[in-house]
Amino acid sequence: MIRPAPSARIAPASRIAPTSRIAYVNGRYLPLRDARVSIDDRGYQFADGIYEVCALVDGLLVDAGRHLDRLERSAAALGIVLPMARRPLLLVMRELVRRNAVQHGLLYLQISRGTAPREHAFPATLQAALVMTVRAQARAAGEARAAAGVRVITLADQRWARCDIKSTALLPNVLAKQAAREAGAYEAWLVDRDGAVTEGSSSNAWIVDAAGTLVTRERSPAILGGVTRETLLALALQAGWAVAERRFTVPEALAAREAFLTSATAFVLPVVAIDGVKIADGRPGTLTQRLAQLYRDNLPQERAAGVR
Ligand code: PDD
């Protein structure tokens, strides 16, 4: 039997049920069940790849410009040649959102160095592989979590020396998140050898000190420069908040006035306990709630993000 071309099998967006998901794989839009990459893909073999997670609100990508900036930085750091220029990449991202008819959720984009017979060193000319998926997420779940706040645990940071690269090599992050879940917590805050918090397994860590200053670790290879972190810092500074990008220790966090985390998936999420110890009265902090509101009110959606 001759199978129809994948594109011919795709229903128009208006007829796609939100559950019938469409993926983008190296130039083709495919039903998720038909989306495949080779077992020789270096992303699969070596985690030799990079990724981005971009939030979707009201069908629009959030902070797409900053996500693409970081994708370009990650690619440059690893010598991966992006398979597509920025503009067409953004068009594909939007088209995938449209085909999936998702209003609220996430877009996942992964670029691996490409497919080649398994050998650690890579061939000079390799076509990078690009995969994207979109997933709907109930808005209410995020709102309920933000209203209640979340618990975090602390764990030793066991990652490599280039955490600023958004690499798909996430094993220490995966294990830390799993440990958090098993401890009944939402996130694990990772602690370096000097006892300072670097960041969460998939989010940036913040505290509000006694003077009301927002504190988050300075950018360096020890953390991922979060897009949400960067946008929130800019908004907070603009609104006249006192902000300090510096290290903070676990005892300092335990004694903080407030704590919270940021990511593309969680936005600004209050932290109400660390290692089972309540932060202040154990309820989401008022300053954190104001910041979360500030972020939501200024949601950097694609048209406002200065996407080139
Ligand atoms: N994680 N730090 C780490 C280690 C992360 O993996 C992430 C994001 C962040 C926050 O970055 P941003 O604000 O750009 O989302 C910080 C994504 C959401 C993930 O891996 O699913």
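Everything that follows concerns the structure shown earlier in this document.
Residues numbered from 1 in each chain as written. Predicted model: local features only at pLDDT ≥ 70, side-chain atom pairs only at ≥ 80, totals over all residues. Heavy atoms only, no water.

Q: Account for the overall build of the protein, naming residues and giving values.
A: Looking only at helices and strands, the protein features eight helices and 15 strands. In summary, the protein has a C-alpha radius of gyration of 20 Å against a globular reference of 19 Å for 308 residues, a match within 12%. Overall, the C-alpha framework of the protein stretches about 70 × 45 × 40 Å when taken along its three principal axes. By residue count, 50% of the 308 residues in the protein fall in the buried class. Pairs at least 24 residues apart make up 71% of the contacts formed inside the protein by residues separated by at least 6 positions. Side-chain charges in the protein split into 40 positive and 29 negative, and the spacing between the mean points of these groups amounts to 6 Å. (Helix = DSSP H or I, 4+ residues; strand = E, 2+ residues; numbered from the N terminus. Rg over C-alpha atoms; globule rule 2.2 N^0.38 Å. Buried < 20%, exposed > 50% of the residue type's maximum accessible area, 1.4 Å probe, protein only. Contact = heavy atoms within 4.5 Å. Lys, Arg positive; Asp, Glu negative; His and termini not counted. Charge placed at Lys NZ, Arg CZ, Asp CG, Glu CD.)

Q: Could you give an account of the site of the ligand, naming the residues involved and the relevant values?
A: Taken together, 21 residues lie around the ligand, and Y51, E199, V227, T228 and A264 are the ones closest in. Here an oxygen atom of the ligand sits 2.8 Å away from a polar atom, N or O, in the side chain of R70. Within the backbone of S202, a nitrogen or oxygen atom sits 3.4 Å from a nitrogen atom of the ligand. Coverage of the ligand by the protein chains reaches 91% of its 470 Å² of free accessible surface. Those elements that place two or more of their residues in the shell around the ligand are β3 (49-57), α2 (64-78), β9 (197-200), α6 (227-238) and β13 (258-263). Of the residues in the shell around the ligand, the class split is five nonpolar, 12 polar and four charged. (Near = heavy atom within 4 Å. Polar contact = N/O pair within 3.5 Å; in protein donor to acceptor, adjacent residues only side chain to side chain. Areas by Shrake-Rupley, 256 points an atom, 1.4 Å probe, with all protein chains shown as cover. Nonpolar A, V, L, I, M, F, W, Y, C, P; charged D, E, K, R; others polar.)

Q: Got a sec to walk through the sheet that holds strand β2 (residues 28-31)? Specific residues and values, please.
A: On the basis of which strands lie adjacent, the open sheet formed by six strands has the order β2-β1-β6-β5-β3-β4 and antiparallel pairing. Two strands lie at the open edges of the sheet, namely β2 and β4 (60-61), each paired on one side alone. Here strand β1 (residues 22-25) pairs with β2 via four bridges, running antiparallel. Within β2, the residue paired with A23 across the bridge is L30. α2 contacts β3, β4 and β5 (105-112) of the sheet and is inclined by roughly 175° relative to β3. (Pairing = 2+ DSSP bridges. Axes fitted to C-alpha atoms, helices over the stretch in contact; angles between N-to-C directions.)

Q: Can you tell me about a nonpolar patch on the surface, naming the residues and giving the values?
A: A surface patch of nonpolar side chains, amounting to about 310 Å² of accessible area, comprises L171, V174 and L175. The residue L171 is located in helix α5 (residues 171-182) in this model. (Patch = residues over 30% accessible without salt bridge, like charges linked within 9 Å, V, L, I, M, F, W, Y side chains within 5 Å. Salt bridge = Lys/Arg side-chain N within 4 Å of Asp/Glu carboxyl O.)

Q: Summarise the packing of aromatic side chains; cite the residues concerned and give the values.
A: As enumerated under the stated definition, the model contains five aromatic pairs in all. Taking 5.7 Å as the distance between ring centres and 35° as the angle between the ring planes, the aromatic pair formed by Y51 and Y108 counts as tilted. Taken together, the residues Y51 in strand β3 and Y108 in strand β5 connect sequence positions 57 residues apart. Take Y51: its relative accessible area is 11%, and that puts it in the buried class. Lying over the aromatic face of F122, R113 brings its terminal NZ or CZ to 3.6 Å of the ring centre. Here K177 stacks its cationic end above the ring of Y186, 5.3 Å away from the centre of that ring. (Phe/Tyr/Trp six-rings, centres within 6.5 Å; stacked < 30°, edge-to-face > 60°. Lys NZ or Arg CZ within 6 Å of the ring centre and 35° of its normal.)

Q: Explain the environment of L56 to me, and be specific about the residues and the numbers.
A: Positionally, L56 belongs in strand β3. Of the residues examined, L56 reaches a relative accessible area of 2% and is grouped as buried. C-alpha separation for the pair L56 and V134, spaced 78 residues apart in sequence, amounts to 9.0 Å. The residues contacting L56, other than those within four sequence positions of it, are L61, V97, V102, Q103, H104, G105, L106, L107 and V134.

Q: Tell me what's going on with unusual backbone geometry, and back it up with residues and numbers.
A: In this structure, D58 is a non-glycine residue whose phi angle is positive, near 50°. Secondary-structure assignment places D58 in the loop between β3 and β4. Despite not being glycine, F267 shows a phi value in the positive range, around 55°. Topologically, F267 is positioned in strand β14 (residues 267-274).

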